[in-house]
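Fold and geometry: a report
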Amino acid sequence: MKQVRPKKNLGQHFLTDLNIASRIADTVDSCADIPILEIGPGMGVLTQFLVKKNRAFKAVEIDSESVKYLMQHFPELKTNIIGSDFLRMNLADVFGGKPFVLTGNYPYDISSQIFFKMLDYKHLIPCCTGMIQHEVAQRIAALPGSKSYGILSVLIQAWYDVEYLFMVDETVFNPPPKVKSAVIRMTRNKVAQLACNEQLFRRVVKTVFNQRRKMLRVSIRQLYDGKVPPADFLTADIMTKRPEQLSIDDFVDLTNLVEKALFTEHTPVTDKA
């Protein structure tokens, strides 16, 4: 079978450097002895190294042409290649409810959605590795006070320790993307539960970063929804800060402050921000 034609609508940029593919595959070794799920294997340049790990392995690929190519070149994986959309999958079904490592050369245009889904299944994903757009990797790994620090930084770092591993040049892809890439690893930290309403935490983070240049006392107004907060709500010290100045613990404190001021136990909180 001829090689798969990269499809722009799927954001396909096939890695061609075997040395880099091997290095990416080795990033899963830090979370050994559990199954591996690869997203978007394409023509299997990363797959060929992952299957050598002698662990349960599955790959999910939305492109039917790539699925046919993989079936032919990796016949031993025929029952483990899932022709589906990862974002629509119930991940609890993939390995019968067992934890697994998530990895891949992630499509740039949906990488953030992939990681938000990872957070929804964090109890099943103790480790996530792979290659993404360099700027997105910077945002995920960014610390408070930096321009890259934002929604992804806070929501992921609340649950995962992030390592920015190495940069990948655009020349090792077909077709070459217009930006550089980077390989990261996210490993579940010891946080079992945040000391706040977790749905509201996510909503607060998204809300204030949507107006990241404004002080919290301004951006937080989007959460009022017709309510009148107590007089001391907007005069709290934290309200004079901007979102990039807040640590994870600060966001937990802010969430508790918002819940106390604006919500009651009879007011359900949804992540609609």
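Shown above is the structure to which this text applies.
These figures come from a predicted structure and were not determined experimentally.

**Overview of the sheet that holds strand β4 (residues 81-82)**
Read across the open sheet, the 7 strands follow the order β4-β3-β2-β5-β6-β9-β7; overall the sheet is mixed. With one partner strand each, in any of the chains shown, β4 and β7 (160-168) form the two edges of the open sheet. Here 4 bridges tie strand β2 (residues 36-39) to strand β5 (residues 101-104), and the two strands are oriented parallel to one another. Within β5, the position partnered with leucine 37 by the bridge is leucine 102. Packing against the sheet, helix α4 (residues 111-120) makes contact with β2, β5, β6 (127-133), β7 and β9 (181-188), and its axis sits at approximately 165 degrees to β6. On the sheet, helix α5 (residues 134-141) packs against β6, β7 and β9 and is oriented at approximately 135 degrees with respect to β6.

**Thoughts on the pairing of β2**
Burial of the side chains of β2 extends over both faces: Ile36 and Glu38 are buried on one face and Leu37 and Ile39 on the other. Here β2 pairs with strand β3 (residues 57-60) via 4 bridges, running parallel. If you follow isoleucine 39 over to β3, its bridge partner there is valine 60.

**So, the pairing of β5**
On a regular strand, each side chain points to the face opposite its neighbour's, so the side chains alternate between the two faces of the sheet. Alternating positions in β5 separate into two faces, Val101 and Thr103 on one and Leu102 and Gly104 on the other, with burial throughout. Two strands pair when backbone bridges link them, and β5 and β6 are joined in this way by 2 bridges, in the parallel orientation. The residue bridging valine 101 from the neighbouring strand is cysteine 127, located in β6. What joins β5 to β6 is α4, and the crossover it makes is right-handed.

Rules used throughout
Residues numbered from 1 in each chain as written. Predicted model: local features only at pLDDT ≥ 70, side-chain atom pairs only at ≥ 80, totals over all residues. Heavy atoms only, no water. Pairing = 2+ DSSP bridges. Helix = DSSP H or I, 4+ residues; strand = E, 2+ residues; numbered from the N terminus. Contact = heavy atoms within 4.5 Å. Axes fitted to C-alpha atoms, helices over the stretch in contact; angles between N-to-C directions. Buried < 20%, exposed > 50% of the residue type's maximum accessible area, 1.4 Å probe, protein only. Right-handed = clockwise from strand over helix to strand, strands pointing away.

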